[in-house]
Amino acid sequence: EVSQYVHVQRNHPELVSDDSLVNFLLAEDFDTKLTAKRVAKYWEARQRIFGPDNFALHMTLNGAMRDSMKALMVGWLNLLPHCDEKGRGVIYADSILVNSENFDSREQVGFLALNCFPNIILHCIYSRPS
């Protein structure tokens with residue numbers, strides 16, 4: 001059986017380019033053996049979370065996250081309307097909504113949060129009054 005990483009490398013090489021591996025190398029202090037293990041675990045987790053049909057797609061609403069719309073739409077992750085005392089946007093995650101009715105697993109919550117936070121942060125930056 002072909003590993004998930006090899007599958008992605010063959011079918012979507014843009015997802016596993018050298019540029020995409022830099023963060024894995026940094027996380028493992030450039031230890032290539034540990035990096036290889038981390039990359040393999042990452043793609044195994046993506047397959048567990050998003051399934052065999054979606055895991056190798058881009059992390060977009062039309063790609064890997066297309067079957068996660070219910071989880072994204074329940075309102076568990078919110079940009080609050082007011083900033084903190086230093087003018088920074090505040091993101092609130094409602095843990096009550098993070099349950100088995102809305103999410104398949106805690107891993108799914110983690111992947112979705114990591115992929116949603118950058119967009120929310122950009123929204124904070126660009127929607128702030130000048």
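Every value quoted in this text rests on a predicted model; they were computed, and no experiment measured them. (Residues numbered from 1 in each chain as written. Predicted model: local features only at pLDDT ≥ 70, side-chain atom pairs only at ≥ 80, totals over all residues. Heavy atoms only, no water.)

Visitor: I tried to follow a nonpolar patch on the surface on my own but got confused; where do I start?
Guide: On the surface, a nonpolar cluster with roughly 290 Å² of combined accessible area is contributed by Val22, Leu26 and Phe30. Here Val22 shows up in helix α2 (residues 18-27). (Patch = residues over 30% accessible without salt bridge, like charges linked within 9 Å, V, L, I, M, F, W, Y side chains within 5 Å. Areas by Shrake-Rupley, 256 points an atom, 1.4 Å probe, with all protein chains shown as cover. Salt bridge = Lys/Arg side-chain N within 4 Å of Asp/Glu carboxyl O. Helix = DSSP H or I, 4+ residues; strand = E, 2+ residues; numbered from the N terminus.)

Visitor: For this particular structure, what's the right way to read the pattern of salt bridges?
Guide: Opposite charge on two side chains makes pairing possible when the charged atoms of those side chains draw close. As enumerated under the stated definition, the model contains one salt bridge in all. Its salt-bridge partner being Glu28, residue Arg38 comes within 2.6 Å of it at the nearest N-O pair. Here the residue Arg38 occupies a position in helix α3 (residues 32-50), and Glu28 occupies one in the loop between α2 and α3, the gap between them amounting to 10 residues.

Visitor: Can you help me understand the packing of helix α1 (residues 4-11) against α3 in this one?
Guide: For any two helices packed against each other, the geometry comes down to the angle between their axes and how far apart the axes lie. Here α1 crosses α3 at 85°, and the two axes come no closer than 8 Å. Classed by the angle they form, the pair α1 and α3 counts as roughly perpendicular. Counting all contacts with α1, which are made through Gln4, Tyr5 and Val8, the residues of α3 involved are Val39, Trp43, Glu44 and Gln47. Its residues assigned to classes, the contact of α1 with α3 shows four nonpolar, two polar and one charged. (Axes fitted to C-alpha atoms, helices over the stretch in contact; angles between N-to-C directions. Parallel < 35°, antiparallel > 145°, perpendicular 65-115°, else oblique. Contact = heavy atoms within 4.5 Å. Nonpolar A, V, L, I, M, F, W, Y, C, P; charged D, E, K, R; others polar.)

Visitor: Help me understand the environment of Gln47 in this model?
Guide: By the element assignment, Gln47 lies in helix α3. Note on Gln47: relative accessible area 24%, which makes it partly exposed. When the C-alpha positions of Gln47 and Gln4 are compared, they lie 7.4 Å apart, and in sequence the two are 43 residues distant. Dropping the residues within four chain positions of it, Gln47 is found in contact with Gln4, Pro52 and Phe55. A polar side-chain atom of Gln47 sits 2.5 Å from a polar atom in the side chain of Gln4. (Buried < 20%, exposed > 50% of the residue type's maximum accessible area, 1.4 Å probe, protein only. Polar contact = N/O pair within 3.5 Å; in protein donor to acceptor, adjacent residues only side chain to side chain.)

Honestly, that's just the spatial picture; any functional story needs more than this.
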